[in-house]
Amino acid sequence: MSLSKIKFDKKIVLSFWIILIALTIAAPTILPVFRLNLLGRYLSLSIVALGVDLIWGYTGLLSLGQGIFFALGGYCAAMYLQITSSSEFPNNIPEFFALYGVEKLPFFWEPFRSPIFTFFAIWIIPALVAGLIGFLVFRNRIKGVYFSILTQASLLVFFNFFNGQQKLINGTNGLKTDVTQIFGQMVGSESMQRIFFWITAILVIAAWFFAKWVVKGRFGNILIGIRDDEPRIRFTGYNPVIFKTIIFSIAGGLAGISGALYTVQSGIVSPQFMTVPFSIEMVIWVAVGGRGTLLGAILGAVFINYAKSLVSEALPASWMFIQGGLFILVVTALPEGVLGWIQGDGPRNLLQRFGLKRKIETYPSLEVNNKEGNNE
Amino acid sequence: MNNKDLLNLIDITVSFEGFLALNKLNLNLKKGELRAVIGPNGAGKTTFLDVITGKVKPNNGEVIFKGKSLVGRKEHKIARLGVGRKFQSPRIFENLTVKENLEISVTTPKSPLNLISKSIKDEQLNEIDRLMKIVNLAQKVDSKAGSLSHGQKQWLEIAMLVGQKPDLMLVDEPVAGLTDEETDLTADLLKSLSGENTVVVIDHDMEFIRRLDSNVSVLNQGTVLCEGTMETIQKDKKVIDVYLGRPED
């Protein structure tokens, strides 16, 4: 059973790689910049989805507040770009500060003059915030639906706070990045967007490898153990609080990277990144793609978002219904998500239902073992 | 209480909203002892294990293990001190393979850093091989634990308990749902573990307890009713009244 499964998995993974690499190489030449930019954005969203898969698919923590960390990463990147491009504005600080009579850069933005600091801040700050929130919640043994509610409440706290802070971060308006400059080029220019697409594509692959490394081996097994039976893990001598804090913090860091990439490709970061529906959508991508598969998270994020933009162009306002329907379909018919269904016995069962494949007459393991025996 | 004792429970009282699950329970275990604990349903057998392993905090009383108080310590800390527990229904990680289950138990130190930065030590791999042979699961190494039969799951959990190398093993109903043959093998296994380890076995199955050939503590209404060999307790009038039952009048 395991042998044939591994072969099957390898086929999927290999074909995914070929498609991904081919698409990535071909995309900048075949797609118009508008489409390329969309694809780049959706690829960056797949990084936050990978984080959701790590905490939800593997560890069983359903966070509805990943938008917090996503937005934090976005704000770090956007503020750096605004500061470096502010030389012609009064006081050499970003233009919006003048609207609210701020003459000096708020102290906590000072370090963001440095590109190196920003490079690290984009993922370390969200990871630290996630680690802190996570530690407090997990230490008090809050889990299940209470954890989900708490993360959503935190999201709303951040959302309202960011909305109200005109003098620090331009409040509701957010920070624009498309007219800022980096390496002497406009961030919103075609050539920069192409570069951002490449960076995103590479980082998605890097994030995927990283996530795979985290979940493989004994560390990943403990995460699965926590998901399936946390008290048992405790009685075996492991402290689940530390493991959960680490993985939540990793997911926060991934969300930050994702938010930064999304921001530079969509041209703005605003508290809209922290709305409740957006964070729930992140969960839907993973649920539809396949929980606990990593690849499913990437595919879910990219395909659902691409479908969203295509559907919204053709039939405005119908997307919400389709997305809702998709979610209900997955929950009722494909609880393991599309990729989970393919990796499991889904296709075989479907073929059987149409009479295209012989039914299993013995235990599945015997059946498969026999087949392997015959092949050899 | 003396130096040879591994565990002392002193006047343990646990109340759940007024209901006394344990009522001034006193119990001492010597190093290397095999002890069976029996009692009718609701006598507080499982609560007694919960108190030792830190799942339930007693309202009153002390738990002294290797000279240290366990009350107020977290479950994982108690486990690291050397208290291992097997649950009533087999609790193994069904989505992991047999080998991965055993890896979780034999791994030390149990810190995230060790788990992510190092691969498993050779001696631990040897230990896993040894355990799998003891419980006859060597052919099932890479099978998902969820695909095992009930008896195999019970044995896997016992193997996980042994792999943890605890000084004190708490075994809750290890033979529930096992065949007679498996029951006998389990009794022999537990007997062979005592001596080096201290083992507490909780069960209803009288035949099984008799086969353990150990001291027996009878719990009733949250307190120790009687202690002694199987013969002694079977003759004890109080035990007969509450647990073994008289021949019907």
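Remember, it's a predicted structure, so these values are computed and weren't measured experimentally.

**Things to note about the sheet that holds strand β6 (residues 83–86) of chain B**
Residues and elements named next belong to chain B.
Thinking step 1. Judged by pairing direction, the sheet is mixed, and its 6 strands sit side by side in the order β6-β7-β8-β3-β9-β10 without closing on themselves. Each edge of the open sheet carries a strand with a single partner, namely β6 and β10 (223–228). Pairwise comparison of adjacent strand axes, ignoring direction, gives a mean angle of 20° for this sheet.
Thinking step 2. Here strand β9 (residues 215–220) pairs with β10 via 5 bridges, running antiparallel. By the bridge assignment, Ser217 is partnered in β10 with Glu227.

**Comments concerning the packing of helix α8 (residues 190–215) of chain A against helix α10 (residues 240–266) of chain A**
Residues and elements named next belong to chain A.
Thinking step 1. Running from N to C, α8 and α10 point in directions that differ by 170°, and their axes come no closer than 10 Å. Classified by the angle their axes make, α8 and α10 are roughly antiparallel. Across the interface between the two elements, Gln193, Phe196, Thr200, Leu203, Ala207 and Val214 of α8 pack against Ile250, Leu254, Ile257, Leu261, Val264 and Gln265 of α10.
Thinking step 2. Of the residues in the contact of α8 with α10, the class split is 9 nonpolar, 3 polar and no charged.

**Concerning the sheet that holds strand β1 (residues 5–16) of chain B**
Residue and element names in this part refer to chain B.
Thinking step 1. Pairing is antiparallel in the open sheet, where 4 strands are placed in the order β2-β1-β4-β5. Two strands lie at the open edges of the sheet, namely β2 (19–30) and β5 (68–69), each paired on one side alone.
Thinking step 2. In the sheet, β1 pairs with β2 via 8 bridges, with the strands oriented antiparallel. Each residue of the ladder has a partner; that of Val14, found in β2, is Leu22.
Thinking step 3. Sheet strands in contact with helix α1 (residues 45–53) are β1, β2 and β4 (60–65), and its direction is about 65° off that of β2.

About the criteria used
- Residues numbered from 1 in each chain as written.
- Chains lettered and ligands numbered in written order.
- Predicted model: local features only at pLDDT ≥ 70, side-chain atom pairs only at ≥ 80, totals over all residues.
- Pairing = 2+ DSSP bridges.
- Helix = DSSP H or I, 4+ residues; strand = E, 2+ residues; numbered from the N terminus.
- Axes fitted to C-alpha atoms, helices over the stretch in contact; angles between N-to-C directions.
- Parallel < 35°, antiparallel > 145°, perpendicular 65-115°, else oblique.
- Contact = placed C-beta atoms within 7 Å.
- Nonpolar A, V, L, I, M, F, W, Y, C, P; charged D, E, K, R; others polar.

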